[in-house]
Amino acid sequence: MATERLYDADHYLKAFTARVLGFRDGGVLLDRTAFYAEAGGQAGDTGVLGGERVVDTKIDEDGVIVHIMEGQPGFKVGDVVEGVIDWERRYRIMRLHTASHIMEYYLWRHYGYMRRTGSFVDEKKDRADYVHEDRLDPDTLEKVESDTNRFLAEGHPVTIEVDDMGMRHWSCGPVEMLCAGTHVRNTSEIGAVKLKRKNPGRGEERVETSLAE
Ligand SMILES: [Zn+2]
């Protein structure tokens, strides 16, 4: 049975209690969790579960979330355990994830639409790959960065609406997309970002977004 995702209802939930349902491949299965499971290019959460370290969080095709533990847990099936996510790390991910959607809006505004082939965000940076034959010229990328930072500083609210199909529609100002990741409530929480161009090859360009602090 799919794990209840407490993070869907509250992206800011840091601690929770849950019942242990079982163990699988060095991981713990719970009835519900606030640990974000790696999906949609967002890294899985780390933290503490029942006093023991969670080093990653994954989800299978049936929606069962697996908390990957550092060691052999001391608790057993049926126990109620407390989970606490590494909030500082997750909050950085939320800030970077939200910023990356705004960055992409201005990227397309300045360079024209480029198909995104992949993306991944963790606490250090967001990286997004786009199909683009030419080198992203640095002057234009600077404009993308300054437009993004101006927009973030303006303090735009983020809204998420869930439709009848359970799809999560993310929007902020003029930007709209389907996204099930975790985000901040307002762009003013993000601060400024820095953009860096990388070339992963094969007619693709990568934009790395990091927090400018
Ligand atoms: Zn998102």
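Residues numbered from 1 in each chain as written. Predicted model: local features only at pLDDT ≥ 70, side-chain atom pairs only at ≥ 80, totals over all residues. Heavy atoms only, no water.

**Things to note about the coordination of the zinc ion**
Okay, step 1: Around the zinc ion, the donor atoms from the protein are His 97 (NE2), His 101 (NE2), Cys 179 (SG) and His 183 (NE2), and they sit 2.0 to 2.1 Å away.
Okay, step 2: All donor residues of the zinc ion come from one chain, and their arrangement in sequence is H-x3-H-x77-C-x3-H. Of this pair, His 97 sits in helix 2 (residues 87-111) while His 183 sits in the loop between strand 13 (175-178) and strand 14 (193-201); the two residues are 86 residues apart in sequence, bridging distant segments of the chain. For the pair formed by His 97 and His 183, the shared burial category is buried. (Donors = N, O, S within 2.8 Å, 3.2 Å for Na, K, Ca; no water. Helix = DSSP H or I, 4+ residues; strand = E, 2+ residues; numbered from the N terminus. Buried < 20%, exposed > 50% of the residue type's maximum accessible area, 1.4 Å probe, protein only.)

**A closer look at the sheet that holds strand 9 (residues 116-121)**
Note: strands within a sheet are paired through backbone hydrogen bonds, in either parallel or antiparallel orientation.
Okay, step 1: In space, the four strands of this open sheet follow the order 9-10-15-14, with antiparallel pairing throughout. Single-partner strands in this sheet number two, and they are strand 9 and strand 14. Geometrically, the sheet is characterised by an average inter-axis angle of 20° between neighbouring strands, direction not taken into account.
Okay, step 2: Direction of pairing for strand 14 relative to strand 15 (residues 204-211): antiparallel, over a ladder of seven bridges. Bridge pairing links Lys 196 to Glu 208 in strand 15. (Pairing = 2+ DSSP bridges. Axes fitted to C-alpha atoms, helices over the stretch in contact; angles between N-to-C directions.)

**Observations regarding the side chain of Ser 100**
Okay, step 1: Here Ser 100 is to be found in helix 2.
Okay, step 2: In this structure the side chain of Ser 100 is engaged in a polar contact, spanning 2.7 Å, whose partner is the backbone oxygen of His 97. (Polar contact = N/O pair within 3.5 Å; in protein donor to acceptor, adjacent residues only side chain to side chain.)

**Description of helix 2**
Okay, step 1: An ideal rise of 1.5 Å per residue puts 36 Å on 25 residues; helix 2 measures up with 35 Å between its terminal C-alpha atoms.
Okay, step 2: Counted residue by residue, helix 2 has 18 buried out of 25 residues, so it is predominantly covered.
Okay, step 3: Once helix 2 ends, the next one or two residues include Gly 112, with phi positive near 85°. (Expected span 1.5 Å × (residues − 1).)

**Brief notes about the side chain of Ser 171**
Okay, step 1: Its place among the elements puts Ser 171 in strand 12 (residues 168-172).
Okay, step 2: Among the polar contacts listed, one links the side chain of Ser 171 to the side chain of Thr 159, at a separation of 2.8 Å.
Okay, step 3: Among all residues touching Ser 171, those that are not within four sequence positions of it are Pro 157, Val 158, Thr 159 and Glu 176. (Contact = heavy atoms within 4.5 Å.)

**Considerations on the nonpolar core**
Okay, step 1: Within the largest apolar cluster, 47 residues are counted, with the highest numbers of intra-cluster contacts made by Leu 30, Leu 49, Ile 102, Leu 107 and Trp 170.
Okay, step 2: Residue contributions to this core peak at ten residues, all from helix 2. (Core = buried A, V, L, I, M, F, W, Y, C linked by side-chain atoms within 4.5 Å.)

**What about the pattern of salt bridges?**
Okay, step 1: Using the criterion set out here, one finds 16 salt bridges in the structure.
Okay, step 2: One salt bridge connects Lys 76 with Asp 79, and the closest N-O pair in it is separated by 3.3 Å.
Okay, step 3: Looking at Lys 76, the relative accessible area reads 54%, which means it is exposed.
Okay, step 4: When the shortest N-O distance is used, the salt bridge between Glu 208 and Lys 198 registers 3.2 Å. One end of the pair, Glu 208, is in strand 15; the other, Lys 198, is in strand 14, with ten residues separating them in the sequence.
Okay, step 5: A relative accessible area of 34% means that Lys 198 is categorised as partly exposed.
Okay, step 6: A single network of salt bridges, built from pairs that share partners, joins Glu 38, Asp 56 and Lys 58. (Salt bridge = Lys/Arg side-chain N within 4 Å of Asp/Glu carboxyl O.)

**Brief notes about the environment of Ala 128**
Okay, step 1: Assignment of secondary structure puts Ala 128 in strand 10 (residues 126-131).
Okay, step 2: Along the primary structure Ala 128 and Val 207 are separated by 79 residues, whereas in three dimensions their C-alpha atoms are 5.4 Å apart.

**With respect to the layout of surface pockets**
Okay, step 1: Estimated volume of the largest pocket: approximately 400 Å³.
Okay, step 2: As for the largest pocket, its lining consists of 25 residues, and the residues nearest its centre are Ala 39, Gly 40, Gly 41, His 97 and Cys 179.
Okay, step 3: Secondary-structure elements contributing two or more residues to the lining of the largest pocket are helix 1 (6-9), helix 2, strand 9, strand 10 and strand 13.
Okay, step 4: Of the residues contributing to the lining of the largest pocket, the split by class is twelve nonpolar, eight polar and five charged.
Okay, step 5: By volume, the second largest pocket amounts to about 160 Å³.
Okay, step 6: Surrounding the second largest pocket, Asp 8, Ala 9, Asp 10, His 11, Tyr 12, Val 158, Thr 159, Ile 160, Arg 168, His 183, Val 184 and Arg 185 form its lining.
Okay, step 7: Split into classes, the residues belonging to the lining of the second largest pocket amount to five nonpolar, three polar and four charged. (1 Å grid on protein atoms, 1.4 Å probe; cavity = no way out; pocket = protein on both sides within 12 Å on 5 of 7 lines; lining within 4 Å. Points joined across faces, edges and corners; volume = space filled by probe spheres on them. Nonpolar A, V, L, I, M, F, W, Y, C, P; charged D, E, K, R; others polar.)

Spatial relationships are all this shows, so hold off on functional conclusions.
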